[in-house]
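Residues per chain are reported as follows:
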Amino acid sequence: MARTPIEINDFNLFAEVLKSAVKIVDSAKILVGPQGLEIYGARDKIARCEITSNCVTSKEPIEFCLESLAMFNKIVATVRDVHENDYSELKFMFDNPFLRFESKKFKTKYGTCNEATIGKWVSKKVETLLEPVFEFTT
């Protein structure tokens, strides 16, 4: 499989989304496609996490699992610090089984895992019709 580029629409938002997910779950299944980013994770049968964002997109659908979301978050934070809000030269890609960040300033890769490894900690998309109790826009 060739390297699949992941387009960064808003790197700071991507970092914040990951930072938020780490506070909820340790491991997660992540999907990136034309619509954006989807993160699925769970702590147990009751507490689960479903996050969607358009901070990153991909022309081709990509699906991978991260056993340590906290470690990936640290890498993203390091990329953020190194680039100091100038991500024009930064390339983010999925090169199965690795996620890669490459630029003149920084180059790293992070290994993904099989879904079977974290299967009991991954939630599925909520299909139940939910009634909103409270809404806000950011």
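Shown above is the structure to which this text applies.
Residues numbered from 1 in each chain as written. Predicted model: local features only at pLDDT ≥ 70, side-chain atom pairs only at ≥ 80, totals over all residues. Heavy atoms only, no water.

Trainee: Would you take a moment to explain the packing of helix α1 (residues 11-24) against helix α2 (residues 69-83) for this structure?
Mentor: Helix-helix packing is characterised by the crossing angle of the two axes and by the distance between the axes. Where α1 contacts α2, the two axes come as close as 9 Å, and the packing angle between them is 155 degrees. For the element pair α1 / α2, the angle class is roughly antiparallel. Once α1 is placed against α2, the crossing between them reads as left-handed. Residues Phe11, Asn12, Phe14, Ala15, Glu16, Leu18, Lys19, Ala21 and Val22 of α1 form the contact with α2, whose participating residues are Leu69, Ala70, Phe72, Asn73, Val76, Val79 and Arg80. (Axes fitted to C-alpha atoms, helices over the stretch in contact; angles between N-to-C directions. Helix = DSSP H or I, 4+ residues; strand = E, 2+ residues; numbered from the N terminus. Parallel < 35°, antiparallel > 145°, perpendicular 65-115°, else oblique. Left-handed = near helix turned anticlockwise from the far one by under 90°. Contact = heavy atoms within 4.5 Å.)

Trainee: For this particular structure, what's the right way to read the nonpolar core?
Mentor: In summary, soluble globular proteins display a tendency toward joint burial of nonpolar side chains. Ranked by internal contacts, the top residues of the largest apolar core, which has 33 residues, are Phe14, Leu37, Ile39, Phe72 and Phe101. A per-element tally of this core places α1 first, with six residues. Leaving out residues up to four positions away in the same chain, Leu37 has contacts with Phe14, Val17, Ile30, Leu31, Val32, Ile51, Thr52, Ser53, Cys55 and Val56. Core analysis: the next-biggest nonpolar cluster, separate from the first, contains five residues, Tyr40, Cys113, Ile118 and Val122 among them. (Core = buried A, V, L, I, M, F, W, Y, C linked by side-chain atoms within 4.5 Å. Buried < 20%, exposed > 50% of the residue type's maximum accessible area, 1.4 Å probe, protein only.)

Trainee: Would you take a moment to explain the sheet that holds strand β3 (residues 36-42) for this structure?
Mentor: Hydrogen bonds between backbone groups are what pair the strands of a sheet, and the pairing can be parallel or antiparallel. The sheet built from four strands is open, its strands ordered β4-β3-β2-β6 with antiparallel pairing. Of all strands in the sheet, those bounded by a partner on one side alone are β4 (48-53) and β6 (62-66). Mean inter-strand twist for the sheet, computed between neighbouring axes without regard to direction, equals 15 degrees. In terms of strand pairing, β3 meets β4 through six bridges, oriented antiparallel. If you follow Ile39 over to β4, its bridge partner there is Ile51. (Pairing = 2+ DSSP bridges.)

Trainee: Explain the packing of aromatic side chains here, please?
Mentor: Two descriptors summarise a pair of aromatic rings, namely the distance from one centre to the other and the angle between the planes of the rings. Taken as a whole, this structure holds 10 aromatic pairs when the rule is applied. Ring centres 5.6 Å apart and planes at 45 degrees place the aromatic pair Phe14 and Phe92 in the tilted group. Here Phe14, found in helix α1, pairs with Phe92, found in strand β7 (residues 91-95); they are 78 residues apart in sequence, far enough to count as distant. When the ring of Phe72 is compared with that of Tyr110, the centres are 5.7 Å apart and the planes differ by 45 degrees; the resulting orientation is tilted. With Phe72 in helix α2 and Tyr110 in strand β9 (residues 107-111), this pair connects stretches of sequence that are 38 residues apart. Tyr110 matches Phe72 in its accessibility class, with the two residues each being buried. Taken together through their ring pairs, the aromatic side chains of Phe11, Phe14, Phe72, Tyr87, Phe92, Phe101 and Tyr110 make up a single cluster. For the cation-ring pair, Lys109 lies above Phe98, with the distance from its terminal atom to the ring centre recorded as 4.3 Å. (Phe/Tyr/Trp six-rings, centres within 6.5 Å; stacked < 30°, edge-to-face > 60°. Lys NZ or Arg CZ within 6 Å of the ring centre and 35° of its normal.)

Trainee: So what exactly am I meant to see when it comes to empty space enclosed by the protein here?
Mentor: Rolled over the atoms, a probe with the dimensions of a water molecule shows which regions are left empty. Taken as a whole and assessed by the stated rule, the structure comprises one cavity of 30 Å³ or more. Reported here for the largest cavity is a volume of approximately 40 Å³. Ile6, Phe14, Ile30, Val32, Leu37, Val56, Phe64, Phe72 and Phe92 are the residues that line the largest cavity. Here the lining of the largest cavity is composed, by residue class, of nine nonpolar, no polar and no charged. (1 Å grid on protein atoms, 1.4 Å probe; cavity = no way out; pocket = protein on both sides within 12 Å on 5 of 7 lines; lining within 4 Å. Points joined across faces, edges and corners; volume = space filled by probe spheres on them. Nonpolar A, V, L, I, M, F, W, Y, C, P; charged D, E, K, R; others polar.)

Trainee: What is the right way to read the environment of Lys104 from this model?
Mentor: Assignment of secondary structure puts Lys104 in the loop between β8 (98-102) and β9. What makes Lys104 exposed here is its relative accessible area of 76%. Along the backbone, Lys104 and Leu90 are 14 residues apart, and their C-alpha atoms lie at a distance of 8.1 Å.

Function cannot be read off these values alone, since they describe shape.
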